Amino acid sequence: MSLVNEQAVPDPTTLMQMYERMLLIRKSEEKLGELFAAGELPGGVHLYIGQEASGVGVCTHLNDSDAITSTHRGHGHYLAKGGELRAMIAEIYGKADGVCGGMGGSMHVADVSKGILGANGIVGGGFGIAAGAAWAARLDNEGAVAVCFIGDGAANQGTFMEALNIATLWKLPLVIVCENNGWSEYSATETVTAGELGDRARAFKIPVYDVDGNDVVAVWRAAGTAISRARSGDGPSFIETRTYRLRGHTEAEVHFLSEDYRTEAEIAKWSKRDPLDFARQQLRDAGVTDDTIAAAEDRVAEQVTRDAEAAATGDAADPGDVARHMFHQENC
Amino acid sequence: MSLVNEQAVPDPTTLMQMYERMLLIRKSEEKLGELFAAGELPGGVHLYIGQEASGVGVCTHLNDSDAITSTHRGHGHYLAKGGELRAMIAEIYGKADGVCGGMGGSMHVADVSKGILGANGIVGGGFGIAAGAAWAARLDNEGAVAVCFIGDGAANQGTFMEALNIATLWKLPLVIVCENNGWSEYSATETVTAGELGDRARAFKIPVYDVDGNDVVAVWRAAGTAISRARSGDGPSFIETRTYRLRGHTEAEVHFLSEDYRTEAEIAKWSKRDPLDFARQQLRDAGVTDDTIAAAEDRVAEQVTRDAEAAATGDAADPGDVARHMFHQENC
Amino acid sequence: MVKRRLIPAINDALFEEMERDDKVVLLGEDVEISMFGDTKGLRERFGPDRVRNTPISEAILTGMAVGAASRGYRVILHMMFGNFMYTGFDAIANQLAKLRLMTGGQMAFPVTIMAGFGGGRSIAAQHSDAPYPLFMNLGGLQVVVPSSPADAKGLLKTSIRGNNPTIFLEPGGRGGAMGEIPDGDHLVPMGQARTFREGTDLTIVAIGAMVKPALKAAKQLAKQGVEAEVIDPLTLVPLDEAGVIRSVRKTGRLIVVDEARDMCSAASHIAAVVADQAFDALQAPVKRVTVPNVALPYAPNLEQSVFPDADDIVAAAHAICPTEFAKKDQSL
Amino acid sequence: MVKRRLIPAINDALFEEMERDDKVVLLGEDVEISMFGDTKGLRERFGPDRVRNTPISEAILTGMAVGAASRGYRVILHMMFGNFMYTGFDAIANQLAKLRLMTGGQMAFPVTIMAGFGGGRSIAAQHSDAPYPLFMNLGGLQVVVPSSPADAKGLLKTSIRGNNPTIFLEPGGRGGAMGEIPDGDHLVPMGQARTFREGTDLTIVAIGAMVKPALKAAKQLAKQGVEAEVIDPLTLVPLDEAGVIRSVRKTGRLIVVDEARDMCSAASHIAAVVADQAFDALQAPVKRVTVPNVALPYAPNLEQSVFPDADDIVAAAHAICPTEFAKKDQSL
Ligand SMILES: Cc1ncc(C[n+]2csc(CCOP(=O)(O)OP(=O)(O)O)c2C)c(N)n1
Ligand SMILES: Cc1ncc(C[n+]2csc(CCOP(=O)(O)OP(=O)(O)O)c2C)c(N)n1
Ligand SMILES: [Mg+2]
Ligand SMILES: [Mg+2]
């Protein structure tokens, strides 16, 4: 079974790009958290803060012809795959120039031109879409792949097994990335999930990687191996990235939960394993200077401010678009 | 992991009972095959011929407080679990005194008083029902179990994994018996099923048995171990019985298929491994005389003739029952 | 008399019924912490056997409800949002709605499947469906959509205590008003509509959360001289056809307000029943105020543009009450 | 002009469209051998990439159709029986019907999901549903239910070639008559009803397999002096409201015949549309001849007792045409 090349290291430029992308996710979502708290956003937001290394480590290997499917916690995947920040925030505001015209909102950000097939409000909804995209890629035969991001909770949907079975049989270029953050809403993973998730995939005799999801280099390594295997036509792989969400399941939970469901100690423990700290250290180890890092941080901060402001000022979504978009207008 | 006691042997009385039950299934279904060919039956029939050892080896360990769920190929399970033959044939004729009043037919024979929760027309439909029955048994805490019979094809429904997960987590007294007959309708198992089915269950760290499904003693041994484990509150097991259906997927296929899907050689090979021949030899080995065996054969032949005739003469189903049975009449 | 909002009233009903009958069990994703608050405190009171968090596996859960109910339990399955019922749809449509009839009345299914539903909250299409028309068409399910806290409580108790499967949809979290709840064992019967406002000129049948805008519209219409009768069917299956017809025979005019999509909606069905059975009493076209055949969009202004409100109801009334208006206006 | 039955006509359509566009792919359980005959020969002609047997995993298959279509393929998914669409319901209801709108029109879903459906064959409730009302209510799906071979062929070609998701239900295997099929690239447009018989006294709208008993009833009625117009909507979404209304404006009377269960049926909806938009033309109550709200029973006499036939239609006509009869009778 193909093993991860433990020696592989991203060159400093790649590492820097990954760090900057992670930072973009972090800062954008902090902004969204503020906007939500201030009552500026119509719907709720599920933040990805703490899990940035997972999406970025994977998507760094992808290009626009590759497809990803994402979850209700989808901003990070969208940005990691190159989605435009302003268009995403505008979407969450419900603006006409939102990436989905204000039709989908936070749980549904998608940019098909970049292969981002969308966040999804249905837990497990991505399995079929990603498997179908992988099947299309296999038929196209141009080396594209599909990556299906899921949470650990979604691995309890039966379509996980169905996807593994058909992807193995048909040798689909599908990589399932399970971001195990220890929680499925307010249920601790071990209370709803029996056994090891990796074993569910091993039953199909496909490569399985279990990596530190807060270490972008570790994720990048495993994803690189899995994705090139998929590109070469050798079929699916499964990657479990062990990580943690530093924020609530949804930002709104402070309003409706009457009890804590996780300990301060647990949160503190994981805060100390912040994926951004990890990556910053790796940059320094690779000889990148603090000035270079600080410059990136400034760039990101500036972009977030600029894009959030631009997003806020757009026109409201257009009611006429609802009927217009419901069906494709050219219909045979 | 609990191992089958290789030494365990059924006493001659049990062996004889199992043989007679298998024979009852065989002869009843041969009769149904004739009746179908003669155009006597309104719906189609999926015969269990060749797989008798599987259902009988398992159900010999069960009593009326235990539940089973079955498949579209359900006559054998119904009879193995003690369902009345006449009432089953009457059901397939669509008679008022059919076991379901003529409402369900061949694919739905059920006798709840005997714990037979029914054959089912939905492939995989039994997973949830059996898991729910096992949950009820666990809440009752009286040592009852639920057995979920499925075909190999049904193991590709995601509810298989969902059932394994929840049964493991909740330590449900559930035994899933997968009758792998090498075919899923007209698709050979290996063309639609990746990996080994047992590995899908092993991912949950539960006991897995892979047995010769045409050897009733082998099935009886594995089922005994799995069922007593379930009764003791130690949770689910998975048994794969390797077998073969000697008849078509459905008796009607001779009318609608234009090509053969399996070879004469394959059928011939399995005919030589007929589970009834196996069991007859085991009886002889256990010192049961040919006369005793012949007497059982006569009893069965006579019962089948008698019950089939009785079933044919009943009144037609009662249209008034449709509205009557749709909802429970006492409704709070 | 106590005063309650919808969710606490539902919570009371659950407490009372679980207290009353220890065969009542409740399961669902995060029912222990309770996101909506409706199942809050039940775990602490009734313990982990009877109140249980589940994995995210809707398909097996609906099946388990069927299985456990067939073994004597009264199962309450909380599905969180109406849309997630689609994920567990198979066992609802193919098993729960059918197996009682198919087994000739051998099985009873005291199962209550509950969920929040409906639009108006900017949570986008995958969390906003009003799925009751689908369940109404399945034939074997009771469908309950209360609007007031008292009716919600009384109908939930009736559902749980009854012997038939019930889909219980709560229009919660959408500004439900405080309501008075009768003391004691408050049961509300199935199939009996409630008249929220009496009137002589026009009947408005409003479902669930639509009662509020209907009453608002009725107030506006009263100022214009049209006295509208506002009726909430409370239960869509069984449907109080007689109650609706009685009102239309008095008023001669009907508007049905429904937040389901228009095609094959409850509104369509109620309109059809009246066009058949009260045709002679009708003085004007039967109007439907519904959601057009679109997925609900996210942005608040978009959602508002397709969601029924008081103005839409008034406009419909204007379309069918011109004579009435003239008459009343003259009489001023 | 060639003569064809329904199934071969559908087979021709599949051949032609797969020949025409190599982006058309077909998948489903046993589509290679083809139980119904509709997909026969396609595997041999178009190869294993484009025509593919699948595991029994309806949930992932519907999702894959969504995913592959979003990547540029025209997907035909054969689900065998209408009831099995419930097993794959989630991706149809939550993804296929919604994602185009939710992504602001970024995605197109040229997906045709086909299946046989309906009662009258003694295959019991789990194989006999007429599920189109459910799909009609989902908002984002075209729903096609042809009755003649020519329309089946032409509409299937239109579905495959179009850019919107379509549920294509074939009333096959139920004594469909031979029909003439125009030569050449025979396309039938969506949303245009077909008049099978002209008449002046009564409009009978009949869906799918109901056209046959409707025509039979019309013949009987003609002998009694009532000239019925028989219309088949062909496509339920889009629905030719104008065509139905035009006919009712001429005849003043309407019966809708539908083999779906009554509540929220296509019949209900069509009745509601007419009671709204053609109220002034109506001279009598609008009648629905449908299946009552029950699961379809197995025994032929039971099934017949609940299934619409010509006699039921004639009885409905008698209920609403008394004056007409008198008049005609006098004129004899
Ligand atoms: C089919 C379905 N069931 C339930 C939900 C409600 N829900 C939203 S997120 C969530 C938990 C998901 O857990 P996980 O997959 O681990 O993702 P995480 O939130 O931890 O990122 C649940 C149950 C849903 N959206 N869809
Ligand atoms: C949900 C569903 N999908 C498809 C079918 C059609 N079907 C009936 S039996 C069958 C094959 C079942 O194979 P397996 O589980 O191996 O059982 P076997 O027939 O071999 O006993 C299929 C696909 C069905 N009845 N239900
Ligand atoms: Mg998680
Ligand atoms: Mg099989």
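About the thresholds
- Numbering of residues starts from 1 in each chain and follows the order in which that chain's sequence is written.
- Both sets of labels track the order of writing: A upward for chains, 1 upward for ligands.
- Whole-chain, interface and lining totals are the exception, using all residues; otherwise, since this is a predicted model, local features are given only for residues with pLDDT of at least 70 and side-chain atom pairs are given and counted only at 80 or more.
- The basis for every side-chain value is the complete set of non-hydrogen atoms in the structure, without hydrogens or water.
- To form a nonpolar core, buried Ala, Val, Leu, Ile, Met, Phe, Trp, Tyr and Cys residues must be joined to one another through side-chain atoms within 4.5 Å.
- For each residue, the accessible area found with a 1.4 Å probe, counting protein chains only, is set against the maximum for its type, and the residue is called buried under 20%, exposed over 50%, and partly exposed in between.
- By the convention used here, residues are in contact when the closest approach between their heavy atoms is within 4.5 Å.
- The criterion for strand pairing is that DSSP finds at least two bridges linking the strands in question.
- Per the convention used, a helix needs a DSSP run of H or I reaching at least four residues, while a strand needs a run of E reaching at least two, with both numbered from the N terminus.
- The axes are straight lines fitted to the C-alpha atoms, using for helices just the contacting stretch, and the angles between their N-to-C directions are given from 0 to 180°.
- Counted as salt bridges are all cases of a side-chain nitrogen of Lys or Arg within 4 Å of a carboxyl oxygen of Asp or Glu.
- Within 3.5 Å is the distance limit for a polar contact, defined as a pair of N or O atoms, with the added protein rule that one can donate a hydrogen and the other accept it, and that residues adjacent in sequence qualify only through two side-chain atoms.
- As a per-residue measure, pLDDT tells how confident the predictor is, with possible values from 0 to 100.
- Here the copies were fitted onto each other by least squares, based on C-alpha atoms from residues at pLDDT of at least 70 in both.
- A 2.8 Å cut-off from the metal defines N, O and S donors, relaxed to 3.2 Å for Na, K and Ca; water is not in the atom list, so some sites may appear incomplete.
- We score Asp and Glu as negative and Lys and Arg as positive, and we do not count His or the chain ends.
- Values labelled buried area give the accessible surface lost by two parts on being combined, using a 1.4 Å probe and summing over both.
- For each residue, the test is whether any non-hydrogen atom lies within 4 Å of the molecule or strand; if one does, the residue is near.
- A pair of aromatic rings is counted whenever rings of Phe, Tyr or Trp (Trp by its six-membered ring) have centres within 6.5 Å, and the orientation is called stacked for planes under 30 degrees apart, edge-to-face for over 60 and tilted otherwise.
- Accessible surface is estimated by sampling points in the Shrake-Rupley manner with a 1.4 Å probe; for residues, cover comes only from the protein chains shown.
- Each residue receives one of three labels: charged for Asp, Glu, Lys and Arg, nonpolar for Ala, Val, Leu, Ile, Met, Phe, Trp, Tyr, Cys and Pro, and polar for the others, Gly being one of them.

**Quick look at the nonpolar core**
Reasoning step 1: Judged by nonpolar contacts, the single largest core of 444 residues is most densely connected at Tyr132(C) and Tyr132(D).
Reasoning step 2: Each residue touching Tyr132(D), except ones within four places of it in the same chain, is listed here: Phe117(D), Val143(D), Val145(D), Leu169(D), Ile207(D), Leu236(D), Asp258(D), Glu259(D), Ala260(D) and Ala266(D).

**A word on the sheet that holds strand E10 (residues 202–206) of chain D**
Residue and element names in this part refer to chain D.
Reasoning step 1: Spatial strand order, E9-E11-E10-E13-E14: five strands in an open sheet with mixed pairing. Looking at strand neighbours, the two that pair on one side only are strand E9 (194–197) and strand E14 (287–291), the edges of this open sheet. Mean inter-strand twist for the sheet, computed between neighbouring axes without regard to direction, equals 25°.
Reasoning step 2: Sheet analysis places E9 next to strand E11 (residues 228–232), joined by three bridges and oriented antiparallel. Bridging across to E11, Arg-194 finds its partner in Asp-232.
Reasoning step 3: Along the sheet, helix H11 (residues 266–277) contacts E10, strand E13 (254–261) and E14; its crossing angle with E13, the most-contacted strand, is approximately 155°.

**Quick look at the interface of chain D and chain C**
Reasoning step 1: Each partner contributes to the interface: chain D provides 50 residues, whereas chain C provides 51 residues.
Reasoning step 2: Run the count over chain D and chain C and you get four salt bridges.
Reasoning step 3: The partner of Asp129(D) in a salt bridge is Lys98(C), with the nearest N and O atoms 2.8 Å apart.
Reasoning step 4: Linking chain D with chain C are 26 residue pairs in polar contact (both at pLDDT 80 or more).
Reasoning step 5: Those elements giving two or more residues to the side of chain D that touches chain C turn out to be helix H4 (84–87), helix H5 (89–96), helix H6 (99–102), helix H7 (132–137), strand E12 (235–237), H11 and E14 of chain D.
Reasoning step 6: Per element, the largest residue contribution to the side of chain D that touches chain C is eight residues, and it comes from H11(D).

**Observations concerning the confidence of the model for chain C**
Reasoning step 1: Residues of chain C with pLDDT of at least 70 account for 96%, and the chain-wide mean is 95.
Reasoning step 2: Quick note on the complex model: pTM equals 0.98, ipTM equals 0.98.

**Notes on the relation of the copies chain D and chain C**
Reasoning step 1: Its rotation angle being 180°, the transformation that places chain D on chain C also includes 0.0 Å of axial translation and leaves an RMSD of 0.0 Å. Such a combination of turn and shift is consistent with a two-fold rotation axis.
Reasoning step 2: In this assembly the copies share their binding face: 100% of the residues contributing to the interface of chain D also contribute to that of chain C.

**Quick word on the coordination of the magnesium ion (ligand 4)**
All names here are of chain B.
Reasoning step 1: Around the magnesium ion (ligand 4), the protein contributes the donor atoms Asp-152 (OD), Asn-181 (OD1) and Trp-183 (O), at 2.0 to 2.1 Å from the metal centre.
Reasoning step 2: Counting gaps between the donor residues of the magnesium ion (ligand 4) yields the pattern D-x28-N-x1-W. Residue Asp-152 is located in the loop between strand E2 (146–151) and helix H6 (159–169), and its partner Asn-181 is located in the loop between strand E3 (174–180) and strand E4 (183–184); the two are separated by 29 residues in the primary sequence. Like Asn-181, Asp-152 is buried.

**Comments concerning unusual backbone geometry**
Trans is the prevailing form of peptide bonds, just as negative phi is the prevailing case for residues other than glycine.
Residues and elements named next belong to chain C.
Reasoning step 1: Cis rather than trans, the peptide bond between Val-237 and Pro-238 has omega equal to -10°.
Reasoning step 2: Examined against the element boundaries, Pro-238 turns out to sit in the loop between strand E12 (235–237) and helix H10 (241–251).
Reasoning step 3: Phi at Met-80 is positive, roughly 70°, even though this residue is not glycine.
Reasoning step 4: With respect to the helices, strands and loops of the structure, Met-80 is situated in strand E4 (residues 74–81).

**Considerations on the side chain of Asp30(D)**
Reasoning step 1: Inspection of the secondary structure puts Asp30(D) in the loop between strand E2 (24–28) and helix H2 (42–50).
Reasoning step 2: Although Asp30(D) is buried, it forms no salt bridge, and the closest oppositely charged side chain is Arg245(B) at an N-O distance of 7.9 Å.
Reasoning step 3: At a separation of 3.1 Å, a polar atom in the side chain of Asp30(D) contacts the main-chain amide nitrogen of Tyr186(B).
Reasoning step 4: Look past the residues within four positions of Asp30(D) in its chain and what remains in contact with it is Ser184(B), Glu185(B), Tyr186(B), Ser187(B), Met35(D) and Asn53(D).

**Quick look at the sheet that holds strand E7 (residues 237–242) of chain A**
Residues and elements named next belong to chain A.
Reasoning step 1: A sheet is described by the order of its strands in space; here five strands give the open sequence E1-E2-E3-E7-E6, paired in parallel fashion. Of all strands in the sheet, those with a lone pairing partner are strand E1 (67–69) and strand E6 (208–212), marking the two edges. When the angles between neighbouring strand axes are averaged without regard to direction, this sheet yields 20°.
Reasoning step 2: Bridge analysis of E1 against strand E2 (residues 146–151) gives three bridges, and the strand direction is parallel. By the bridge assignment, Thr-69 is partnered in E2 with Cys-148.
Reasoning step 3: Set on the sheet, helix H9 (residues 216–231) makes contact with E2, strand E3 (174–180), E6 and E7; between it and E6 the angle comes to about 160°.

**Regarding the interface of chain C and chain A**
Reasoning step 1: In this complex, chain C contributes 30 residues to the contact, which on the side of chain A involves 37 residues.
Reasoning step 2: Interface area, chain C with chain A, both sides summed: about 2600 Å², of which 61% is carbon and sulfur.
Reasoning step 3: Looking only at chain C, the three residues that lose the most surface to chain A are Ile33(C), Ile56(C) and Tyr298(C), adding up to 27% of its buried area.
Reasoning step 4: Linking chain C to chain A there are zero salt bridges.

**Quick notes on the site of ligand 1**
Reasoning step 1: Around ligand 1, a shell composed of 22 residues is seen, among which His72(A), Arg73(A), Gly153(A), Asn181(A) and Glu58(C) lie nearest.
Reasoning step 2: Looking at what sits near ligand 1, you find residues from chains A and C.
Reasoning step 3: Within the side chain of His72(A), an N or O atom sits 2.7 Å from an oxygen atom of ligand 1.
Reasoning step 4: Trp183(A) places a polar main-chain atom, nitrogen or oxygen, 2.9 Å from an oxygen atom of ligand 1.

**Things to note about the packing of aromatic side chains**
Reasoning step 1: Applying the stated criterion across every chain yields a total of 27 aromatic pairs over all chains.
Reasoning step 2: Arranged with centres 5.8 Å apart and planes meeting at 50°, the rings of Phe15(C) and Phe46(C) form a pair that is tilted. Of this pair, Phe15(C) sits in helix H1 (residues 6–20) while Phe46(C) sits in helix H2 (residues 42–50), and the two are 31 residues apart along the sequence.
Reasoning step 3: What makes Phe46(C) buried here is its relative accessible area of 12%.
Reasoning step 4: Here Phe279(C) and Phe279(D) contribute two aromatic rings whose centre-to-centre distance is 6.3 Å and whose plane-to-plane angle is 55°, an arrangement assigned as tilted. With Phe279(C) in the loop between helix H11 (266–277) and strand E14 (287–291) and Phe279(D) in the loop between H11 and E14, this residue pair bridges two chains. No difference in accessibility class separates Phe279(C) from Phe279(D), as the two residues are buried.
Reasoning step 5: Through a chain of ring-to-ring contacts, the aromatic side chains of Tyr86(C), Phe89(C), Phe135(C), Tyr86(D), Phe89(D) and Phe135(D) assemble into a single cluster.

**Observations regarding the site of ligand 2**
Reasoning step 1: His72(B), Arg73(B), Gly153(B), Asn181(B) and Glu58(D) are the nearest of the 22 residues found near ligand 2.
Reasoning step 2: The separation between a nitrogen atom of ligand 2 and a polar main-chain atom of Gly121(B) is 2.8 Å.
Reasoning step 3: Contacts to ligand 2 include Asp152(B), whose side-chain N or O atom sits 2.9 Å from an oxygen atom.
Reasoning step 4: In isolation ligand 2 offers 580 Å² of accessible surface; the protein chains occlude 96% of this area.
Reasoning step 5: Where the shell around ligand 2 is concerned, the elements lending two or more residues are E4 of chain B together with H4 of chain D.
Reasoning step 6: For the shell around ligand 2, the per-class residue count stands at seven nonpolar, ten polar and five charged.

**Observations regarding the environment of Tyr48(A)**
All names here are of chain A.
Reasoning step 1: When you line up the elements, Tyr-48 lands in the loop between helix H1 (12–37) and helix H2 (52–59).
Reasoning step 2: When the C-alpha positions of Tyr-48 and Glu-29 are compared, they lie 7.4 Å apart, and in sequence the two are 19 residues distant.
Reasoning step 3: For Tyr-48, the contacting residues outside a window of four places in its chain are Ile-25, Glu-29, Ser-54, Gly-55, Arg-73, Gly-76, His-77 and Glu-179.

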